[in-house]
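Descriptive structure summary
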Amino acid sequence: VLVEAIMRQGQTSMSGELTNMANLGKSEQEAVCCTEIVFFNGAERVKNVSCGDSHSAILTEDGLLYTFGSNQGGKLGIKDVSATSAKAPTLVEDLVFGFDMSGHQINRIQEVCCANSFTMAATQDGRVYTWGTNLYGALGLGKETTAVQKPSLIQSLAQQQVHIVKISGKFQHSIFLDSNGNVFMSGKGDKGQLGFDLQKYQYSNLYAPTHIDAFREQIMDVQAGKDFSLLLTSTEEVLACGLNNHG
């Protein structure tokens, strides 16, 4: 499914090929071309959007997160865990935090990332929540966890008191960047996509976010691909690790 999201003045439009999982936030199973998601229609100002394999997410400027599309493995994180899909943007209620005396949220979602079979969200105070399928440890929640249907805090990052400012996940691994330019990764690493030398380790998968110290310079941005990772340094160099089968 090809999905393109366009944000203009806080409104969201999407275009794509035929969908049967409501990836575009519309209930009709038809091919559409740049149609506005009427659900928002100016009522919510959109800050960030993300698309996975068969699900999508919309984050508003108020820090409210909505997901829709396939709920396989619980990757939507919605209240109705028995739902196989959501045909319209549905609020992720577990990530609506409390309010102070002035009516402002105590905490809010700052960024969202939809991977193939899971979803990640980073909060304003630098914490990370993940949900969906934990194949190879992509959720960073430990080896015993196979899947979670509700957003779960990555305790190992919280205990280290790192402030995560950027998250990225694609296929079966995840990348976390903190405010000091340190990189943490979890998930599948058999192709070197986690950034450590496979010849020096007896394992290839990381089931909790692990600090990767192979990068000498401060990292400013990260992106996860299917079997590879890209990192942007403070000197504007791009570092790559993982499978290079297509160049």
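Quick word on the overall build of the protein chain
Along its length, the protein chain carries 1 helix and 18 strands. Here the protein chain holds 247 residues, and the buried ones make up 48% of them. Within the protein chain, residue pairs in contact and separated by at least 24 positions form 45% of the contacts whose partners lie at least 6 positions apart. Accessible surface for the protein chain amounts to roughly 12,300 Å². Of this, 46% is attributable to carbon and sulfur atoms.

Here's the deal with the sheet that holds strand 5 (residues 55-60)
Taken in spatial order, the 4 strands of this open sheet run 4-5-6-7, and their pairing is antiparallel. The sheet terminates laterally at strand 4 (46-51) and strand 7 (85-91), the two strands that pair on one side only. This sheet shows a mean twist of 10° between the axes of neighbouring strands, independent of strand direction. The pairing of strand 4 with strand 5 spans 5 bridges and is classified as antiparallel. Each bridged residue has a counterpart across the sheet, and for Asn 48 the counterpart in strand 5 is Leu 59.

Overview of the sheet that holds strand 14 (residues 183-187)
With antiparallel pairing, the 4 strands of this open sheet are ordered in space as 12-13-14-15. Taken across any chain shown, the strands that pair with only one partner, and hence form the sheet edges, are strand 12 (164-169) and strand 15 (206-211). Averaged over all neighbouring strand pairs, the angle between strand axes comes to 15°, with direction disregarded. As paired elements, strand 13 (residues 173-178) and strand 14 share 5 bridges and run antiparallel to each other. Looking at the pairing, His 173 lines up with Gly 187 of strand 14.

Points about a nonpolar patch on the surface
A grouping of Met 220, Phe 228, Leu 230, Leu 232 and Val 238 is seen on the molecular surface, where their side chains present a nonpolar patch of about 420 Å² in accessible area. The element contributing the most residues to the nonpolar patch is strand 17 (residues 228-233), with 3 residues. Mapped onto the fold, Leu 232 is located in strand 17.

A look at the packing of aromatic side chains
According to the stated counting rule, one finds 1 aromatic pair in the structure shown. With 6.1 Å between their ring centres and 55° between their planes, Phe 97 and Tyr 129 make a pair best called tilted. With Phe 97 in the loop between strand 7 and strand 8 (109-114) and Tyr 129 in strand 10 (residues 128-133), the pair connects residues that are 32 residues apart, well separated along the chain. The lysine or arginine in question, Lys 226, covers the ring of Phe 171, its NZ or CZ lying 5.2 Å from the ring centre.

Some details on the nonpolar core
Counting residues in each nonpolar core, the largest one holds 29 residues, and the members touching the most others are Leu 65, Leu 95, Leu 157, Ile 167 and Phe 176. Contributing elements (two or more residues each) for this core: strand 5, strand 8, strand 9 (118-123), strand 10, strand 11 (147-153) and strand 12. With residues up to four places along the chain from it excluded, the contact list for Leu 157 reads Val 128, Val 162, Ile 164, Phe 176, Phe 184 and Pro 209. Counting residues in hydrophobic clusters, the runner-up holds 14 residues, among them Ile 175, Phe 196, Leu 206 and Ile 219.

Considering the pairing of strand 17
Burial of strand 17 is one-sided: the residues Ser 229, Leu 231 and Thr 233 facing one way are buried, the residues Phe 228, Leu 230 and Leu 232 facing the other way are not. Hairpin connection between strand 16 (residues 219-224) and strand 17: a loop of 3 residues separates the two successive antiparallel strands. Judged from the 5 bridges that link them, strand 17 and strand 18 (residues 238-242) form a sheet pairing that is antiparallel. Bridge assignment links Leu 230 to a residue of strand 18, and that residue is Ala 240.

Some details on the pattern of salt bridges
Applying the stated criterion across every chain yields a total of 7 salt bridges. Across the pair Lys 150 and Asp 94 runs a salt bridge, and its minimum N-O distance is 3.8 Å. Highlighted residues: Lys 150 in strand 11 and Asp 94 in the loop between strand 7 and strand 8, separated in sequence by 56 residues. Taken together, the shared-partner salt bridges connect Glu 111, Lys 166 and Asp 221 into one network.

Description of unusual backbone geometry
For Tyr 136, which is not glycine, the phi torsion reads 65° and is therefore positive. Examined against the element boundaries, Tyr 136 turns out to sit in the loop between strand 10 and strand 11. According to the relative accessible area criterion, Tyr 136 is partly exposed, its value standing at 30%.

Let's talk about the environment of Asn 244
Looking at the secondary structure, you find Asn 244 in the segment after strand 18. Between the alpha carbons of Asn 244 and Phe 228 there is a distance of 7.7 Å; along the sequence they are 16 residues apart.

Conventions used here
Residues numbered from 1 in each chain as written. Predicted model: local features only at pLDDT ≥ 70, side-chain atom pairs only at ≥ 80, totals over all residues. Heavy atoms only, no water. Helix = DSSP H or I, 4+ residues; strand = E, 2+ residues; numbered from the N terminus. Buried < 20%, exposed > 50% of the residue type's maximum accessible area, 1.4 Å probe, protein only. Contact = heavy atoms within 4.5 Å. Areas by Shrake-Rupley, 256 points an atom, 1.4 Å probe, with all protein chains shown as cover. Pairing = 2+ DSSP bridges. Axes fitted to C-alpha atoms, helices over the stretch in contact; angles between N-to-C directions. Patch = residues over 30% accessible without salt bridge, like charges linked within 9 Å, V, L, I, M, F, W, Y side chains within 5 Å. Salt bridge = Lys/Arg side-chain N within 4 Å of Asp/Glu carboxyl O. Phe/Tyr/Trp six-rings, centres within 6.5 Å; stacked < 30°, edge-to-face > 60°. Lys NZ or Arg CZ within 6 Å of the ring centre and 35° of its normal. Core = buried A, V, L, I, M, F, W, Y, C linked by side-chain atoms within 4.5 Å.

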